[in-house]
Structure formats: structure tokens, C-alpha cells
Amino acid sequence: MTGEGAKPLLQGVRVLVTGGAQGLGLAIATCMARHGAVVALMDRNRVLVEESASNLPGDGHIGLAGDVTSPEQREQAVSEAFRRLGRLDTLVNNAGIQLHAPAEQITQEQWDRVMSVNLTAVLMMSQLVARRWIDSGSPGSIINIGSLNAAFGMPRRGIYGTSKTAVVGLTRSLAVDWARHRIRVNVICPGYHRTPLYEEYRAKGAIDENRILARIPMRRIGEPGDIGKASVFLSSDLSQYVTGQVLFIDGGYSIYGAAEDAPS
Ligand SMILES: NC(=O)c1ccc[n+]([C@@H]2O[C@H](COP(=O)([O-])OP(=O)(O)OC[C@H]3O[C@@H](n4cnc5c(N)ncnc54)[C@H](O)[C@@H]3O)[C@@H](O)[C@H]2O)c1
């Protein structure tokens, strides 16, 4: 909220969050709902998406089962979100998958699978929503979820890192093309955040938390709510002159350049 007695920042705002059943997507949706937004969650996990939507704070939220890589399911989810919520003001392209493989072993199937979720679907979902905004003359805000990996090469992350770097490029292109329609497009690049995806990689030994903490000047792993708060800003009028921007939320990871551990 903006202060005691003040209007909630996102009062009346309608939001669609892809990959919203858990993790960062759910945290973004929860934070936006707390600030007054009505949210549609879209996720390929049909059971969890309903449950997560029904647990969001406030009323009117909906869960939509759908895979962002399917043209039919994308169209159906976007149509249903506009119909059931009355309109949309913000789209959060959050759905994403990871895959670790040494560059010399990446297969085309792996490449296509990750790119279709992390990159192609971002353009296609954005088009579906933006065309409606352009036709109706009522603009909105698109928030893409990139990654710290968009700033660096990381071992065995060739597909993922490329997909997220491309999301940054796509964000800038969409921002330029659609600025005249007053559609804003920005990208949040999260550092390490404690989500089911993060915990899965930590359990597999693919993430060494102590080494990561040593590299983060703020000395903590991000909480999903940290991304939620930035999404509230990028969805609200507080950011009405902000477009095409890349916001790293990583406790300072991406600005730390020394070879030794960050100072405690
Ligand atoms: N967790 C982190 O530390 C971190 C860091 C940087 C970037 N990210 C990015 O944040 C986003 C969310 O990550 P997370 O950690 O919450 O992941 P997560 O795996 O915990 O949740 C992702 C959600 O997306 C859904 N999803 C996946 N593919 C889908 C598809 N094709 N269609 C519809 N829904 C789909 C999953 O069912 C799941 O509910 C991703 O884009 C990820 O790359 C996460």
C-alpha cells in the first residue's frame, strides 16, 4: 500500500502471470494481489494453478490451465483472461525452464524445448495481449522475467543463458515498437532466489549455496517477494516513464567484479 488511507498501488489493475502456480510467478502474483490487483494465473500444472489462484489474497483471481508453448492454449488463456477479468493491464511472462548441458552435448531437441518456453512464448504471449491493447486503444505494461545469466556466461547454461539474453533483446525491441501505443515493456533479471526450481538444483548438487553466498555482496539468497515488489513498481503508474529497461535483482551479484569473495 502507498500509506495509511491511500489507494492501493494496483487497485483496479488486472494481471496475467504465466507459470504462476508456484515459485517466482506465484510470488509476483501474491505481491500484486496484496497491492490490489486481480490476477489470472496461467500454468501447465492444472491442479496447482487452481489451488494457487484460490489462495491468493483478495477476490476475483482465476487459475487457467495452459502451456505457453501451445498456440491454441495461449490463445485460449489470453481470451479467457480478458473475458473473465474484463480486461488486462499487465502481462508477466514468467514461465521458464532450465536445462544444464555442456555446449558440445546440447541437442537440437533440448535447444528447441527451452527456447520455445523461455523465448518464443514470450513474444507470442506479448503479441496476443498487445494486439488487443492496440485495437482497444487501452495500453498496458509487459514484464518479462530474464535471469542473472543474461549478464554472464555460466558453465553448462548455454541454452538457458542464450534464451534469457535474447529475452533482454526482445524486451528492448518490443519496447521500441510499442512505445507509440503507450505499451511499456521491461525485464527483471533475478539472481538466485529460493524457489522450487532453485531447491531442485540445490538438492541435485548443481548449486553450491555457500559459494553463491560468498559471491553476493548482500550475503543472502533472494526471496521470491523481492521480485514481487519490483513487479508491483513496473506494473504501476510509479514507472509510467520506464520502458525497455533491464532490472537486475540479485543482491549485487552482477556488479561484483573482484576475484576474491565479496567483503562481509
Ligand atoms: N529461481 C531463481 O533463482 C531464478 C533466477 C533467475 C531467473 N529465474 C526465472 O524465473 C522464472 C520462474 O522461475 P522459478 O524459479 O519460479 O521456477 P519454478 O520451476 O519454480 O516455476 C516455474 C513455473 O512455470 C510453469 N511452467 C513451466 N513451463 C511452462 C509452460 N510451458 N507453460 C506454462 N507454465 C509453465 C511450471 O509449471 C511452474 O509452475 C523462470 O523464467 C526462471 O528462468 C528464476
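Bear in mind that the values here come from a model prediction, so they are computed numbers and not experimental data.

Draft legend 1. Geometry of empty space enclosed by the protein. In total, this model carries one cavity of 30 Å³ or more according to the counting rule given. Here the largest cavity is characterised by a volume of approximately 40 Å³. T18, V68, N93, A95, V117, A121, V122 and M125 together form the lining of the largest cavity. Here the lining of the largest cavity takes four residues from helix 4 (residues 108–136), the largest share from any one element.

Draft legend 2. Representation of the packing of aromatic side chains within the structure. Taken as a whole, this structure holds three aromatic pairs when the rule is applied. Considering the side-chain rings of F152 and Y253, the 6.0 Å spacing of their centres and the 65° angle between planes classify their relative orientation as edge-to-face. In this pair, F152 is assigned in the loop between strand 5 (141–145) and helix 5 (158–178) and Y253 in the segment after strand 7 (246–249), connecting sequence segments 101 residues apart. The partly exposed category is assigned to F152, whose relative accessible area is 28%. By relative accessible area, Y253 is classed as buried at 12%. Measuring from centroid to centroid gives 6.4 Å for Y192 and Y198, while their planes differ by 75°, and the two rings are edge-to-face.

What counts and how
Residues numbered from 1 in each chain as written. Predicted model: local features only at pLDDT ≥ 70, side-chain atom pairs only at ≥ 80, totals over all residues. Heavy atoms only, no water. 1 Å grid on protein atoms, 1.4 Å probe; cavity = no way out; pocket = protein on both sides within 12 Å on 5 of 7 lines; lining within 4 Å. Points joined across faces, edges and corners; volume = space filled by probe spheres on them. Helix = DSSP H or I, 4+ residues; strand = E, 2+ residues; numbered from the N terminus. Phe/Tyr/Trp six-rings, centres within 6.5 Å; stacked < 30°, edge-to-face > 60°. Buried < 20%, exposed > 50% of the residue type's maximum accessible area, 1.4 Å probe, protein only.

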